[in-house]
Amino acid sequence: MRVGIAADHGGFVLKGEIAEFLRSKGYEVEDFGAYHMDSADDYPDFVIPLARAIASGIVERGVALCGSGVGASVAANKVPGVRAGLIHDVFSAHQGVEDDDMNVFCLGARVIGPALALELINTFLAAKFSGAVRHKRRLAKLHVLENEHN
Ligand code: RB5
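Position numbers for residues start from 1 in each chain and track the written sequence from start to end. Totals for whole chains, interfaces and linings use every residue, but because this is a predicted model, local features are given only for residues with pLDDT of at least 70 and side-chain atom pairs only at 80 or more, for both listing and counting. With hydrogens and water set aside, each side-chain value is computed from the structure's full complement of heavy atoms.

## Some thoughts on the site of the ligand
Selection criterion: When at least one non-hydrogen atom of a residue lies within 4 Å of a molecule or strand, that residue is treated as near it. A 3.5 Å cut-off defines polar contacts: any pair of N or O atoms within that distance qualifies, except that in protein one atom must be a possible hydrogen donor and the other a possible acceptor, and neighbouring residues in sequence count only when both atoms are side-chain atoms. In these tables, accessible area is a Shrake-Rupley quantity obtained with a 1.4 Å probe, and a residue counts as shielded only by the protein chains included in the view. When residues are grouped by polarity, Ala, Val, Leu, Ile, Met, Phe, Trp, Tyr, Cys and Pro land in nonpolar, Asp, Glu, Lys and Arg in charged, and all others, Gly among them, in polar.
Taken together, Asp8, His9, Tyr43, Cys66, Gly67, Ser68, Val70, Gly71 and Arg110 form the complete shell of residues around the ligand. His9 places a side-chain nitrogen or oxygen 3.2 Å from an oxygen atom of the ligand. Gly67 places a polar main-chain atom, nitrogen or oxygen, 2.8 Å from an oxygen atom of the ligand. Across the complex, the protein chains shield 68% of the 290 Å² of accessible surface that the ligand would expose by itself. When grouped by side-chain class, the residues that make up the shell around the ligand number three nonpolar, four polar and two charged.

What follows is the structure, encoded as structure tokens:
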């Protein structure tokens, strides 16, 4: 699986650990930046290119980080085709994929530690959309909304 990652300065250090972890697990990792620590950088500059890569199918899943994860999730969800969730617990890490077909996982690097972050990302990447009719129906309603705004 090809996985894209992106982070502003708030998630920069953790992004490096996540990339190393994912590569050690055999994932192909595409890094959308930041490529160096800059405390004045802006999360949309990295998260939006990742979100566009998800929407166009260049990468299958994404991991987006900032300090709280809020900015990353707000930004990612602006791109049609992206279903991003801000996740800090194991249940939501898999249920968000199983029910909502979440394709971008956002987390706050200033909220949780690296060990939990890696466990959550592992859970997210292992999860699969259930394809249940009720979930497809709900996602179809979101798809209609996206089309209204494009
Ligand atoms: C940057 O200091 C911080 O605001 C950003 O990383 C993120 O937490 C925004 O949601």
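Anyway, onward from the coordinates.
## Considering the side chain of Thr123
Rules: Strands are runs of DSSP state E lasting at least 2 residues, helices are runs of H or I lasting at least 4, and numbering of each runs from the N terminus. Under the scheme applied here, a residue whose accessible area is under 20% of the maximum for its type counts as buried, over 50% as exposed, and between as partly exposed, the area being computed with a 1.4 Å probe on protein chains only.
The topology assignment puts Thr123 in helix H5 (residues 114–126). The exposure class assigned to Thr123 is buried, which follows from its relative accessible area of 19%.

## What about the sheet that holds strand E2 (residues 28–31)?
Pairing between the strands of a sheet comes from backbone hydrogen bonds, and it takes one of two forms, parallel or antiparallel. We count it as follows: Here, strands pair whenever DSSP counts at least two bridges between them. To define axes, lines are fitted to C-alpha atoms, for helices over the stretch in contact only, and angles between the resulting N-to-C directions are given on a 0 to 180 degree scale. Residue contacts are counted whenever heavy atoms from the two residues lie within 4.5 Å of one another.
If you walk across this open sheet you meet the five strands as E2-E1-E3-E5-E4, and the pairing is parallel. In the strand order of this sheet, the two ends are held by E2 and strand E4 (84–86), each with one partner. Strand-to-strand twist in this sheet, taken as the mean axis angle between neighbours without regard to direction, amounts to 20°. Strand direction decides the pairing type here: strand E1 (residues 2–7) and E2, joined by four bridges, are parallel. Within E2, the residue paired with Arg2 across the bridge is Glu28. Seen against the sheet, helix H1 (residues 12–24) touches E1, E2, strand E3 (61–66) and strand E5 (104–108) and runs at an angle of roughly 165° to E1.

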